[in-house]
Amino acid sequence: MSRFFKNQGNKHHPAYEGLEILKYIGPGVLVTMGFIDPGNWATNIAAGSTFGYSLLWIVTLGTVILIVLQHNAAHLGIVTGLCLSEAVTKYTRPAVSRSVLGSAMLASISTSLAEILGSAIALEMLFHIPLKIGAALSSALVIILLLTNSYKKIERWIIGFVSLIGIAFIYELSLADVEWAHVAKGVVTPSFPEGSLLIILSVLGAVVMPHNLFLHSEIIQSRQLQTKDDKSIQKLLKFEFADTLFSMILGWAINCAMFIMAAAIFFKSGKPVEELQDAHQLLKPLLGDNASVIFAVALLMAGIASTVTSGIAGGSIFAGIFSEPYDIKDSHSRWGVLLSIIGALVVIFFISDPFQGLLISQMLLSFQLPVTVLAQVYLTSSKEVMGKYANAKGSSLLILIMAIAVIGMNFALLADALF
């Protein structure tokens, strides 16, 4: 398509740019899967079923923070041609890089644990498969997808999964009696109902995860979108931001749909939901068998797709330790993928309470997130790393404030869990 316009002498025609942007849609969509993973399902449904539409604004705030931090991670990949893990290895001392990337690898395993459990819970809902067997089956499927498919095929799979999840929730909403005026107010109006602080922190804390920051810079690097030409860098930054904005808004819409469904169905019925299995069971008498089956199928797709992205992030982090880009044909990338997924599966087999496992995984992420975010801000603010594309002081301050806010939320959740 680009060749056609070039031959027609219309390279700078607005229509050309409008079509050219389609080449850059994809990285943000993969990152979006980390934004609509099973952990987000659990927190959104708990918030909506307990407090109705009043906490929808948290999803909006979290999405704004996510757009800024994810664009900053992609910015690094475009300008340097390095993913975050490679940049940490190249531009920090060995003791620092080992600490950052070693803890990030543990965070990837923790993330995969939550995603695999989401898939296993869905298989249990649909086919009554025991949780640990379901975890093994979903892990095997993800490993096959990652080891046998090209990167582009993986990307298309994820885009398809995201689309189907969105359609599933549109169907769920079509069955519910939604008060759209209350939705519009809740999306933009901060509200702090009594007893809501923990859920507010849970929803916000689930938005920004370490593996997504590594993943976004890696996808940019893998697609070879980096260049040293100033004009091209400016264009790529513009198109990448459009991709990030589009994808994060898509994620915002799906998260809001979960939230609205829970508020319209469970909150109205006076049935707060704390576990995904409860939501599945309660949907049957309220909306019928089809709604509960579609809910479980969408959860299964979310779990599988988010495990794929977590595995890619694990491969990227591990390869970066050896100053290598992610390449599934390379042994270091393969070992990173396997370590992330099989490591999580092994932990699942040794925990008696899956939800206790989720709690432990969230605690590990709470410890690691500050390390990744601060390393990223350091790198993208450094002129040695970014040259004239380093963050302006105002941008660095904004990102740092957001990072501190997200870190504070995670540590607040950690303190609540421990004390």
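Here goes a summary of the coordinates provided. (Residues numbered from 1 in each chain as written. Predicted model: local features only at pLDDT ≥ 70, side-chain atom pairs only at ≥ 80, totals over all residues. Heavy atoms only, no water.)

## Some remarks on the overall build of the protein
Part 1 of the reasoning: Helix and strand content of the protein: 19 helices and zero strands.
Part 2 of the reasoning: Burial analysis of the protein (419 residues in total) assigns 57% to the buried set.
Part 3 of the reasoning: Within the protein, contacts between residues separated by at least 24 positions form 82% of all contacts whose residues are at least 6 apart in sequence.
Part 4 of the reasoning: Summed over all atoms, the accessible surface of the protein reaches about 17300 Å², with 66% contributed by carbon and sulfur. (Helix = DSSP H or I, 4+ residues; strand = E, 2+ residues; numbered from the N terminus. Buried < 20%, exposed > 50% of the residue type's maximum accessible area, 1.4 Å probe, protein only. Contact = heavy atoms within 4.5 Å. Areas by Shrake-Rupley, 256 points an atom, 1.4 Å probe, with all protein chains shown as cover.)

## A word on helix α6 (residues 84-91)
Part 1 of the reasoning: Counting buried positions along α6 gives seven out of eight residues, so the element sits mostly inside the fold.
Part 2 of the reasoning: By the burial criterion, the buried members of α6 are Leu84, Ser85, Glu86, Ala87, Val88, Thr89 and Tyr91.

## Overview of the side chain of glutamate 240
Part 1 of the reasoning: Positionally, glutamate 240 belongs in helix α13 (residues 230-267).
Part 2 of the reasoning: For glutamate 240, the side chain forms a polar contact with the side chain of threonine 244, separated by 2.4 Å.
Part 3 of the reasoning: In this structure glutamate 240 touches His71, Ala74, Ile78, His216 and Ile220, once residues within four positions along its chain are discounted. (Polar contact = N/O pair within 3.5 Å; in protein donor to acceptor, adjacent residues only side chain to side chain.)

## Some details on the packing of helix α7 (residues 94-127) against helix α16 (residues 331-350)
Part 1 of the reasoning: With their axes 8 Å apart at the nearest point, α7 and α16 run at an angle of 60° to one another. Here α16 runs oblique to α7, going by the angle between their axes. At the point where α7 passes α16, the crossing takes the right-handed sense. Across the interface between the two elements, Met105, Ser108, Ile109, Ser112, Leu113, Ile116 and Leu117 from α7 touch Gly336, Leu339, Ser340, Ile341, Gly343, Ala344, Leu345, Val347 and Ile348 from α16.
Part 2 of the reasoning: Along the lines of polarity and charge, the residues of the contact of α7 with α16 split into eleven nonpolar, five polar and no charged. (Axes fitted to C-alpha atoms, helices over the stretch in contact; angles between N-to-C directions. Parallel < 35°, antiparallel > 145°, perpendicular 65-115°, else oblique. Left-handed = near helix turned anticlockwise from the far one by under 90°. Nonpolar A, V, L, I, M, F, W, Y, C, P; charged D, E, K, R; others polar.)

## Describing the side chain of serine 306
Part 1 of the reasoning: Residue position: serine 306 is located in helix α15 (residues 289-321).
Part 2 of the reasoning: Those residues in contact with serine 306 that lie beyond four places of it in its chain are Met33, Asp37, Pro38 and Glu115.

## Brief notes about the nonpolar core
A general feature of soluble globular proteins is that nonpolar side chains tend to end up buried together.
Part 1 of the reasoning: By size, the foremost hydrophobic cluster in this structure holds 126 residues, and its most contacted members are Trp41, Leu55, Leu146 and Ile165.
Part 2 of the reasoning: Per-element tally for this core: the top contributor is α13, with 16 residues.
Part 3 of the reasoning: Beyond its immediate chain neighbours, meaning those up to four positions away, isoleucine 165 contacts Met33, Ile36, Trp41, Ile254, Ala298, Met301 and Ala302. (Core = buried A, V, L, I, M, F, W, Y, C linked by side-chain atoms within 4.5 Å.)

## Examining α7
Part 1 of the reasoning: Across its 34 residues, α7 extends 48 Å between first and last C-alpha, which sits within 8% of the 50 Å expected from 1.5 Å per residue.
Part 2 of the reasoning: Directly beyond the C-terminal end of α7, a positive phi value near 60° is found at histidine 128. (Expected span 1.5 Å × (residues − 1).)

## Remarks on the packing of helix α5 (residues 56-80) against helix α11 (residues 197-205)
Part 1 of the reasoning: Close contact between α5 and α11 brings their axes to 9 Å; oriented N to C, the two are set at 35°. When you trace α5 past α11, the crossing you get is right-handed. Here α5 contributes Trp57, Ile58, Val59, Leu61 and Gly62 to the contact with α11, which in turn contributes Ile200, Val203 and Leu204.
Part 2 of the reasoning: A breakdown of the residues in the contact of α5 with α11 according to their chemical character gives seven nonpolar, one polar and no charged.

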